[in-house]
Amino acid sequence: MKVLIIDDERVVRKNFAAFLEDHNYEILEGENGKQGLDVFRQENPDIVLCDLKMPILDGLGFISELRKESPETPIIMVSGTGDIDDVIEAIRLGAWDYITKPIYDM
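Residues numbered from 1 in each chain as written. Predicted model: local features only at pLDDT ≥ 70, side-chain atom pairs only at ≥ 80, totals over all residues. Heavy atoms only, no water.

J.: Please explain the sheet that holds strand S4 (residues 75-79) as it appears in this structure.
T.: Two orientations exist for strands paired in a sheet by backbone hydrogen bonds: parallel and antiparallel. One open sheet accounts for five strands, arranged S2-S1-S3-S4-S5; its pairing is parallel. Strands at the two margins of the open sheet, each flanked by one partner only, are strand S2 (26-30) and strand S5 (97-100). Strand-to-strand twist across the sheet, computed as the mean angle between neighbouring axes with direction ignored, equals 20°. Sheet analysis places strand S1 (residues 2-6) next to S2, joined by five bridges and oriented parallel. By the bridge assignment, Ile6 is partnered in S2 with Gly30. (Pairing = 2+ DSSP bridges. Helix = DSSP H or I, 4+ residues; strand = E, 2+ residues; numbered from the N terminus. Axes fitted to C-alpha atoms, helices over the stretch in contact; angles between N-to-C directions.)

Here you go:
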C-alpha cells in the first residue's frame, strides 16, 4: 500500500515515514500541496496524509485539486492548528478525517 505524506516540515514527513515503513507501507513524500499533486499523479498512492498549512499550495487547496482528479482517494488532514473552522472546511472539501499534531505512537 502506498502512502503519500505531504508536509512542509521534513522532520514530520520522516517521523510519519519511519512509523509507516515499520508497518510495511511504501512511502511517498511531498513538501507542499503542488509537489504532492505531482507525486500523486506519478505514483497514484492509496491514501494521503496532508498538512493543512504549507507554502505554495496549502492542504485545503490540495484537497480541492485532488478531488477533481481522484474523488475516492482517502485524504487525512494533519495539522497543528486544531482550528475547528479548518476541520469543517477540510471535511466539506472531501477529507475523510482530521488529526492534530503532535501525534504519539501508543
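J.: What's the story with the nonpolar core in this structure? I'm lost.
T.: Soluble, globular proteins show a tendency: their nonpolar side chains are buried together. The biggest cluster of nonpolar side chains holds 20 residues, and the ones touching the most others in it are Val48, Cys50, Phe62, Ile75 and Met77. Counting only elements with at least two residues in this core, the list comes to S1, helix H2 (33-43), strand S3 (47-51), helix H3 (59-69), S4 and helix H4 (84-93). Broken down by element, the residue count for this core peaks at four residues, all from H3. In terms of nonpolar packing, the next biggest core, distinct from the first, is built from 11 residues, Ile5, Phe16, Leu20 and Ile47 among them. (Core = buried A, V, L, I, M, F, W, Y, C linked by side-chain atoms within 4.5 Å. Buried < 20%, exposed > 50% of the residue type's maximum accessible area, 1.4 Å probe, protein only.)

J.: So what exactly am I meant to see when it comes to the packing of H3 against H4 here?
T.: When two helices pack together, you describe them by how their axes are tilted relative to each other and by the distance separating the axes. At a closest axis distance of 9 Å, the pairing of H3 and H4 adopts a crossing angle of 10°. The pairing of H3 with H4 is recorded here as roughly parallel in orientation. Of H4, the residues touching H3 (which contributes Leu60, Ile63, Ser64 and Arg67) are Asp86, Glu89, Ala90 and Leu93. Residues of the contact of H3 with H4, tallied by class, amount to four nonpolar, one polar and three charged. (Parallel < 35°, antiparallel > 145°, perpendicular 65-115°, else oblique. Contact = heavy atoms within 4.5 Å. Nonpolar A, V, L, I, M, F, W, Y, C, P; charged D, E, K, R; others polar.)

J.: Even after reading the chapter, I still don't get the pattern of salt bridges, so can you show me in this structure?
T.: Think of it this way: side chains of opposite charge can pair up when their charged atoms draw near. Applying the stated criterion across every chain, the model contains nine salt bridges. Residue Lys2 is joined to Glu43 by a salt bridge in which the shortest nitrogen-to-oxygen separation is 3.4 Å. Of this pair, Lys2 sits in strand S1 while Glu43 sits in helix H2, placing them 41 residues apart in sequence. Glu43 gets classed as partly exposed once you look at its relative accessible area, which sits at 30%. The salt bridge partner of Asp38 is Arg41, with a shortest N-O separation of 3.8 Å. You can see Asp38 and its partner Arg41 sitting in helix H2, three residues apart, about one turn around the helix. With a relative accessible area of 32%, Asp38 lands in the partly exposed category. Among the charged side chains, a network of salt bridges with common partners joins Lys34, Asp38, Arg41 and Glu69. (Salt bridge = Lys/Arg side-chain N within 4 Å of Asp/Glu carboxyl O.)

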